[in-house]
Amino acid sequence: MKKANSLRIGIFAVALLLLLNSCHKGIYSYDHFPDPLEGGYQVAEYHIPLFDHILPQPLHYPFGKKFNDSCKLTEIICSFDNEQLPSDVIPFQLDLHVIDQGRTIYLLTRDTTGHGATDTTARIYLGWNGRPDSCVCNYRLLFHRTAESHATGKTFFTYRDHRLFSVRNDNDYNNGFPFSGTDTVRYDQLGNPLSYSQNSYEYDTTRKARQQFYCDDYMGSSHTFYLLQYLGYFPEITSPPNVRTKVTRFFESGSYTLTGHQFDQEGRLIAYSYLGYNTPNTITWKGY
């Protein structure tokens, strides 16, 4: 009897271990996207050349990533597209060190005083399926300014049909006027996102792509959401099934037509133009 009980316990432990391992893969195995911090093909740099002729090179706008010898993401340098003055881009860039602790991802900002210390700019909390449930951040991600050094923000994510459905921002600006708001993502029948917040999108539904990356939104107060897009956590938003042809930003005049899409031999988007610029936006992929 004791041997039978021991056998049952051993079988149960092995089954539980396999279940936990399969749950850790979660949405990535379902949607054929790897963990964005390691494995597969991911965007190492997404570059908008808007300020290249003004600011010194190399400029990580809006973001670039660094990896260790094992090709694991260790650092991201980023900015956001609601600060359009050249004088804002470099001072308000974030240099974030990525610390993967399983279900919690820590993003640390290096202390600029030269003491080598870091503070925790954000904590990303993942659900059982590896997708973000929430993110807590401090003033650096909200404003990039020390004037609001006590400000904090919390962002919550919900999903439907294995896709991101809503984003709720609860920001405490420490001035007696906290902000809370929820935006939802609308999709068409093909799985292309149609709108989020003040932004809407159009597609050429006759053209498909293996893997893409778009991030042309007016980002407003949703820095946390877009940072997680940079990290690769929402491929259903940044990599739609069809080629995107138009972006409308509510706070901007008119719409942006996207043209000149270029793809590599594997069908991954590597460049496209907008606003009639001769120099296109470029996407650099890293694969291993």
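This part takes up the overall build of the protein. Broken down by element type, the protein carries 6 helices and 16 strands. The buried share of the protein, taken over its 288 residues, is 45%. Working note: accessible area of the protein is about 14800 Å², and carbon and sulfur atoms make up 55% of it.

Before going further, it helps to spend a moment on helix α5 (residues 223–231). Buried residues dominate α5, accounting for 9 of its 9 residues. Buried within α5 are the following residues: His223, Thr224, Phe225, Tyr226, Leu227, Leu228, Gln229, Tyr230 and Leu231.

By secondary structure assignment, the location of lysine 65 is in strand β2 (residues 62–67). Buried and unpaired, lysine 65 has aspartate 35 as its nearest opposite-charge partner, separated by 9.8 Å. Polar side-chain contacts of lysine 65 include one of 3.3 Å to the side chain of glutamine 42. Not counting chain neighbours up to four residues away, the residues in contact with lysine 65 comprise Gln42, Val43, Ala44, Leu73, Glu75, Ile76, Tyr230 and Leu231.

Right, let's talk about the pairing of strand β1 (residues 41–47) for a bit. Remember that side chains alternate between the two faces of the sheet whenever the strand is regular. Within β1, 5 of the 7 residues are buried, leaving the element largely enclosed by the surrounding structure. Bridging between β1 and strand β16 (residues 281–287) involves 6 bridges; their strand directions are antiparallel. Across the sheet, residue valine 43 finds its bridge partner in β16, namely tryptophan 285.

One can find serine 273 in strand β15 (residues 269–274). Overall, serine 273 belongs to the buried group, its relative accessible area being 13%.

Relative to the elements of secondary structure, alanine 271 occurs in strand β15. Classification of alanine 271 as buried rests on a relative accessible area of 4%. Placed 224 residues apart in sequence, alanine 271 and histidine 47 show a C-alpha to C-alpha distance of 9.4 Å. When residues no more than four places from it in sequence are discounted, the contact partners of alanine 271 are Gly260, His261, Gln262, Pro280, Asn281, Thr282 and Ile283.

Cut-offs and rules
- Residues numbered from 1 in each chain as written.
- Predicted model: local features only at pLDDT ≥ 70, side-chain atom pairs only at ≥ 80, totals over all residues.
- Heavy atoms only, no water.
- Helix = DSSP H or I, 4+ residues; strand = E, 2+ residues; numbered from the N terminus.
- Buried < 20%, exposed > 50% of the residue type's maximum accessible area, 1.4 Å probe, protein only.
- Areas by Shrake-Rupley, 256 points an atom, 1.4 Å probe, with all protein chains shown as cover.
- Lys, Arg positive; Asp, Glu negative; His and termini not counted.
- Salt bridge = Lys/Arg side-chain N within 4 Å of Asp/Glu carboxyl O.
- Polar contact = N/O pair within 3.5 Å; in protein donor to acceptor, adjacent residues only side chain to side chain.
- Contact = heavy atoms within 4.5 Å.
- Pairing = 2+ DSSP bridges.

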